[in-house]
Amino acid sequence: MKVLANDGISQSGIDALEKAGFEVLTTTVAQEQLENYINEHNITVLLVRSATTVRKNIIDNCPSLKIIGRGGVGMDNIDVDYARSKGLHVINTPAASSHSVAELVFGHFYGLARFLHNSNRDMPLEGDANFKGLKKSYAKGTELKGKTLGVLGFGRIGQATAKVAIGAGMKVVAFDPFMEKADLELEFFDGQKVHFEIKMSSKEDVLKQADFLTLHVPAQKEYVIDEAEFNQMKNGVIIANAARGGVINEVALVKAIESGKVSRAALDVFEKEPKPEIQLLMNPALSLTPHTGAATNEAQDRIGTELADQIISILK
């Protein structure tokens, strides 16, 4: 049986699948050629990440397919319910990349709090001629310890981000319409574990309390953060979106930055990905990454291994 990992898979995943007798193809097939490729090569398992979509045409016209796998959490690029109604297995790896995304969020937060995204640009250009000026410009940083992190969406990634926040000495307030509370277990290097119970607050309360705000929600029809939500926030809030492009109104975000409501923000995902608006790319108040939340070696190893284990369990 053949597995097409169209958006790539870790070597650990390839090794596990090949050991179980699968042939793994890592050719990146263009979206418009995918249906023909699957049929010509008699593909049994199609693995994707965010770059490839699997809609009804592929599900209907590729009879060899038995499994569609998504390396990661969100499956909005797959017609999941339709595929399952046609007898296909649809799998993903919801826990594998949670901590990687959480660390990226805090990489942005620490950088934004101390203007690292700006000073790393300016020092090579002006560090020798304007050292004192730059020092003055970036001398008003803030600490994360003692501040309040607001988390919108408290699934696996939201909880992983909250754990990092607690480790940094932050207070955590969270909103999730699908739960009332969550028990977080923090594990430390010497085997000690500490438990924290986080009770859900209303969305409005989270917006009002947060010094730092992070989104971990699925793609939705409406904006989760729009002009009305910005108006409820503290002045000077710092925001991160490493969830999905389109959950924040980017036009409203730029306006909130211009008004001072939002002091700085981090975006790992964009409404018009893979061609973000130039106004975002050039905005000095934004710290930007190209959708790399899950892009760590450790996460990719976990994703590959978990996908392989699920495939083997289903087909062997």
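The present account deals with the structure reproduced in this document. Computed from a predicted model, the values in this text were never measured in an experiment.

Looking now at the layout of surface pockets. Of the pockets and cavities examined, the second largest pocket occupies roughly 300 Å³. Taken together, Ser-98, His-99, Arg-156, Gln-159, Ala-160, Lys-163, Val-164, Gly-167, Glu-185, Leu-186, Glu-187 and Phe-188 form the lining of the second largest pocket. Listing elements by their share of the lining of the second largest pocket, those giving two or more residues are helix H5 (98-113), helix H8 (156-167) and strand S8 (181-187). Sort the elements by how many residues they give to the lining of the second largest pocket and H8 lands first, with six residues. Among the residues making up the lining of the second largest pocket, the classes are represented as four nonpolar, four polar and four charged.

Turning next to the packing of H5 against H8. Across the interface, H5 lies against H8 with an axial gap of 8 Å and an inter-helix angle of 50 degrees. By the angle class used here, H5 and H8 are oblique. By crossing handedness, the relation of H5 to H8 is classed as right-handed. The residues of H8 that touch H5, namely those facing Ser-98, His-99, Val-101, Ala-102, Val-105 and Phe-106, are Arg-156, Ile-157, Ala-160, Thr-161, Val-164 and Ala-165.

Glancing now at the side chain of Lys-261. Tracing the backbone through its elements, the reader meets Lys-261 in the loop between helix H11 (250-259) and strand S12 (262-267). Of the side chains bearing the opposite charge, Glu-227 lies closest to the buried Lys-261, which forms no salt bridge; the N-O distance is 11 Å. A polar contact is formed between the side chain of Lys-261 and the side chain of Asn-235, at a distance of 3.1 Å. The residues contacting Lys-261, other than those within four sequence positions of it, are Phe-230, Asn-231, Met-233, Lys-234, Asn-235, Gly-236, Val-237 and Ala-256.

Thresholds applied
Residues numbered from 1 in each chain as written. Predicted model: local features only at pLDDT ≥ 70, side-chain atom pairs only at ≥ 80, totals over all residues. Heavy atoms only, no water. 1 Å grid on protein atoms, 1.4 Å probe; cavity = no way out; pocket = protein on both sides within 12 Å on 5 of 7 lines; lining within 4 Å. Points joined across faces, edges and corners; volume = space filled by probe spheres on them. Helix = DSSP H or I, 4+ residues; strand = E, 2+ residues; numbered from the N terminus. Nonpolar A, V, L, I, M, F, W, Y, C, P; charged D, E, K, R; others polar. Axes fitted to C-alpha atoms, helices over the stretch in contact; angles between N-to-C directions. Parallel < 35°, antiparallel > 145°, perpendicular 65-115°, else oblique. Left-handed = near helix turned anticlockwise from the far one by under 90°. Contact = heavy atoms within 4.5 Å. Buried < 20%, exposed > 50% of the residue type's maximum accessible area, 1.4 Å probe, protein only. Lys, Arg positive; Asp, Glu negative; His and termini not counted. Salt bridge = Lys/Arg side-chain N within 4 Å of Asp/Glu carboxyl O. Polar contact = N/O pair within 3.5 Å; in protein donor to acceptor, adjacent residues only side chain to side chain.

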